[in-house]
Amino acid sequence: MARQPQVGWLKDGKRLHLQDGPIDLIVEAQGGREELHAAYAAAIDRFTGLLNELCDELKLLRSPADPARCELQGPVARRMHAAVAPFARDHFITPMAAVAGSVAEEILGAMVHAAPLARAYVNNGGDIALHLTDGEQFCVGLIDRPDACGLMRTTTIRADDVARGIATSGYHGRSFSLGIADAVTVLARTAAQADAAATMIGNAVDLPGHPAVVRCPANELQVDSDLGSRLVTRDVGPLTYQAIEAALEAGKAMAHRLLGQGLIEASALHLKGEIRVIGLQRADANVQPAVLANESMIHA
Amino acid sequence: MSTDATTSDKIRCDACPVMCYIKPGAAGACDRYANHDGQLVRVDPHVLLERTVSHGGRLVPFQASGDWDGKLVHEPDVFVTAIGAGTTYPDYKPAPFIVSSEIDGVDMVTVVTEGIFSYCGVKVKIDTDRFLGPETATVRVQGEAVGHVTTSEYGSQMLSLGGVHHLTGGSKKEGRVTCDALMDLSNCKPVEMTIDGGATVVVQAGYPPIVNGVPEERMRVGCGSATIGMFAKQWQGKVDEVVVVDDHITGVLSEHQAGKVLDIQDTGIKMKGRRSTPGRYFQVAEPGTGWGGTQISDPLSILGPFDPKVAKPGTTMLMVSTTGEHAAYYELDDALKPVEKTMPPDLQSSVERIQENCEPALCTVLFMGGAGGSLRAGVTDNPVRLTRSVKDALTRVTCGGAPVYVWPGGGITFMVDVTRLPAGAFGYVPTPALVAPIEFTMRLSDYAALGGHMDHVRPLASLNAGEIRQVTPPPPKTGAR
């Protein structure tokens, strides 16, 4: 019998929480009662065993992606590869860079396939796959660091926008980053694309050789990291404004390139309280101090 | 090929099919499981009650009775601590990076994860006059710098350990060792430390310090001068001279004001060291772990020759340390040289009286942490109001239910006696950073006034009070800790 993932409802009773190993999903859909039932059942069904599928091909998934061909078999694995392939010719990247978004997409796909839904999302630790039908929209909050009552920006994604994926990458994250951004959030056509692009832009926000940046070989932190001995960012000390600007400019250059190639729709780059936004025509520029109502880490 | 140590230290996590290899001090891909000294443990950053509740987690009420009447929660006999608020029962673990909150008009939030940055450390008070090391000397655990010797206090040596510099400013190993040492000290476990140019000491909160392998028993009763003042009358008529040997101020009965008042005659004694006031001598010897916190093992080495114009053969002399731990009795021979003799019983009892008046020597550990920054946001949408509320004493800060001292000035920097917290209250994240519980208690009306999240306030009774969270006992320490 397959291992069963953890399935539960969050306290509000509206959002489904699915967890298995390192995968955490928050799922919510809107639609008719029966449709919702079918969609959530499909999400749970598809989620069951999904981690095992991925682990079956873990070795290949952790290897640098071949830009030209894909030997992976599973649909999620192949989606991961497809998302990173555009970057693989010029950069080091493994399919793992798109795992979160690809899983989110897979679950959302199963839900939408099971029943017609007005709108739905699958949030995989901040990497989010969206489903929108005519007239629907999502309001998305972007936060650079949840531990600071810092800036919060919102943006609205409407059904007539092409973006259906959101992802965030940064060195504070569970996944290692080669760059120093606190957070790079990307809107893209799919969650997997957004995930891979956020990783790439996050890597590009960097100050190579800067003494304030503490780096460490990834495999010293996690023995089997797909990044091998590449240096990942562990801490970023105080930076001058000029340094922050230089790092953000490097990230912006990458973001503009990806925007031009149609790989992303928009991106917001955060570093030490500085924000750069690329491609967000309808940037709700209502940058306002705000805090998460009930989310706060204590690191006393 | 030889197997190197790092390879064998790895453990393979079997919690999920990813089967991560995890090195000591590191966490797996999920950030939930980590290798702590070869043991697979769960690690979780500390979060406020609210999220655990929102994820269906359980909390840890100290007593499962009563309801919240809106008064100070501490007053009735139920007090909810933050211990364990960040964890849930086994197998179900909301990841720290999942954000499930809903904000007005916002459907979802995308974040990276918590930015862990920890300002914390411990202040250690070691009741001993023995020389532990020079002021500002580096304190090491497993060879790594974890802090320093700070200014001495009355009868005690003080260490300042941890802090952000050692936790995150040095090498990876320094950070990990510091984090481990802080957590062990905070959880009342023994930690062996060596001080550059000084002693090796085992510190355990609530227990006597072990200095160079010898458990300390008692604090000194007072400095040498104070001891003369306290016991002069009991010595009167029983002995001609008393020297109380002390690293700080050595006292001499016949010269001391207390002796003068009692008409004790000069004995012709000649002390080494620097005379401060009559009968009070500084620096009779170098500091050390011998008599009275000096380096000496033969107390006569601090005496010069007796003055032949004053001294008489047969003069009796007691030499005793400020703890009564060391004592010897002498009589001057015909050449006016002190010769050790068996101590008369009534002098022996005065030595025992000194011992009796010495309090047991203990190590005390105060955890000190700054809660002035991010965590306030979980309490109120206007964080500075929480700080002000604490300063105005409207809000009570506790740490795992224990009272704290909140430093005046900016932020909420507090200290707490770790022995007053329940066992295992402190945790860590591999950042490395320490995880400590903290609670803010205030009247509901005050909470509303400071911009609290009123919509998230819930009655105490709803906190699943009948259930007790299972706590995995911390892994046993290996090695000579």
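Residues numbered from 1 in each chain as written. Chains lettered and ligands numbered in written order. Predicted model: local features only at pLDDT ≥ 70, side-chain atom pairs only at ≥ 80, totals over all residues.

Within chain A, the secondary structure is distributed over 8 helices and 15 strands. For chain A, the proportion of its 300 residues judged to be buried stands at 54%. Taking all contacts inside chain A whose residues are at least 6 apart in sequence as the whole, residues at least 24 apart take part in 59%. (Helix = DSSP H or I, 4+ residues; strand = E, 2+ residues; numbered from the N terminus. Buried ≥ 20, exposed ≤ 12 C-beta atoms within 10 Å, placed from the backbone. Contact = placed C-beta atoms within 7 Å.)

Glancing now at the sheet that holds strand β17 (residues 274-277) of chain B. Residues and elements named next belong to chain B. Spatially, the 7 strands line up as an open sheet ordered β17-β18-β16-β15-β19-β20-β21, and their pairing is mixed. The strands lining the two open edges of the sheet, one partner per strand, are β17 and β21 (338-341). In this sheet, neighbouring strand axes are inclined to one another by 30° on average, regardless of whether the strands run parallel or antiparallel. Alignment of β17 against strand β18 (residues 280-282), held across 3 bridges, turns out to be antiparallel. Residue pairing across strands places R275 opposite Y281, the latter belonging to β18. (Pairing = 2+ DSSP bridges. Axes fitted to C-alpha atoms, helices over the stretch in contact; angles between N-to-C directions.)

Residues and elements named next belong to chain A. In spatial order, the strands read β1-β2-β3-β4-β5-β8-β9-β12-β13; together these 9 strands make up an open sheet with antiparallel pairing. Edge positions in the sheet fall to β1 (6-9) and β13 (274-278), since each of these pairs with one other strand and no more. Each adjacent strand pair in this sheet contributes to an overall mean axis angle of 15°, direction not counted. Both strand β9 (residues 183-188) and strand β12 (residues 266-271) contribute to a ladder of 5 bridges, which runs antiparallel. Within β12, the residue paired with A183 across the bridge is H270. Against the sheet, helix α1 (residues 33-47) touches β1, β2 (16-20), β3 (23-30) and β4 (119-124), its axis set at about 10° to β2. Lying over the sheet, helix α6 (residues 191-204) contacts β5 (127-132), β8 (165-169), β9 and β12, oriented at roughly 30° with respect to β8.

Residue and element names in this part refer to chain B. Between helix α5 (residues 224-235) and helix α7 (residues 345-356), whose axes approach to 11 Å, the crossing angle comes to 145°. As for how α5 packs across α7, the hand of that crossing is right-handed. For the pair α5 and α7, the contacting residues are T227, F231, Q234 and W235 in the first and S350, R353 and I354 in the second. Each residue belonging to the contact of α5 with α7 can be placed in one class, and the counts come to 3 nonpolar, 3 polar and 1 charged. (Left-handed = near helix turned anticlockwise from the far one by under 90°. Nonpolar A, V, L, I, M, F, W, Y, C, P; charged D, E, K, R; others polar.)

With that settled, the discussion passes to the nonpolar core. General note: in soluble globular proteins, nonpolar side chains tend to be found buried as a group. By size, the foremost hydrophobic cluster in this structure holds 91 residues, and its most contacted members are A104, I107, V186, A197, I201 and V205 of chain A. It is α6 of chain A that contributes the most residues to this core, 9 residues altogether. The next biggest cluster of nonpolar side chains, apart from the first, holds 89 residues, and it includes V139, M183, I412 and A436 of chain B. (Core = buried A, V, L, I, M, F, W, Y, C linked by C-beta atoms within 7 Å.)

What follows concerns unusual backbone geometry. Residue and element names in this part refer to chain B. At M19, a position not held by glycine, the phi torsion is positive, near 50°. Considering the arrangement of structural elements, one finds M19 in the loop between β1 (11-12) and β2 (21-22). Positive phi values are uncommon outside glycine, yet Q283 reaches one of about 50°. Along the polypeptide, Q283 turns up in the loop between β18 and β19 (316-321).

All right, on to helix α8 (residues 241-260) of chain A then. Residue and element names in this part refer to chain A. The end-to-end C-alpha distance of α8 is 28 Å, a good match for the 28 Å that 20 residues give at a rise of 1.5 Å each. Taken together, the buried positions of α8 are A247, L248, A250, G251, K252, M254, A255 and L258. Trailing α8 by a residue or two, G262 shows a phi angle of about 75°, which is positive. (Expected span 1.5 Å × (residues − 1).)

Before going further, it helps to examine the confidence of the model for chain B. Residues and elements named next belong to chain B. Confidence in the prediction for chain B averages 75 pLDDT; 69% of positions are at 70 or higher. Below a pLDDT of 50 lies the segment residues 45-106, which in the model reaches 156 contacts outside its immediate sequence neighbourhood of four places, other chains included. Here residues 108-117 is modelled with pLDDT under 50, and outside its nearest four sequence neighbours on either side it reaches 48 contacts, counting other chains as well. The ipTM value of the predicted complex is 0.80, and its pTM value is 0.49. (pLDDT = per-residue confidence, 0-100.)

All names here are of chain B. Here strand β12 (residues 200-203) shows one buried face, formed by V201 and V203, and one open face, formed by T200 and V202. Judged from the 4 bridges that link them, strand β11 (residues 191-195) and β12 form a sheet pairing that is antiparallel. Bridging from a neighbouring strand, M193 pairs with V201 of β12. Two successive antiparallel strands, β11 and β12, enclose a turn made up of 4 residues, where G197 displays a positive phi of approximately 70°. Looking at chain direction, β12 and strand β13 (residues 210-211) are connected through 2 bridges and run antiparallel. For V201, the partnering residue across the bridge sits in β13 and is V211. Remark: 6 residues form the turn of the hairpin made by β12 and β13, two consecutive strands paired antiparallel; G206 in that turn has positive phi of roughly 85°.

Let us look at the environment of C70 of chain A. Residues and elements named next belong to chain A. In this structure, C70 sits in the loop between α3 (58-61) and α4 (75-88). In this structure, the C-alpha to C-alpha distance between C70 and H81, residues 11 residues apart in sequence, is 6.8 Å. Discounting chain neighbours no more than four positions away, the residues touching C70 are R78 and H81.

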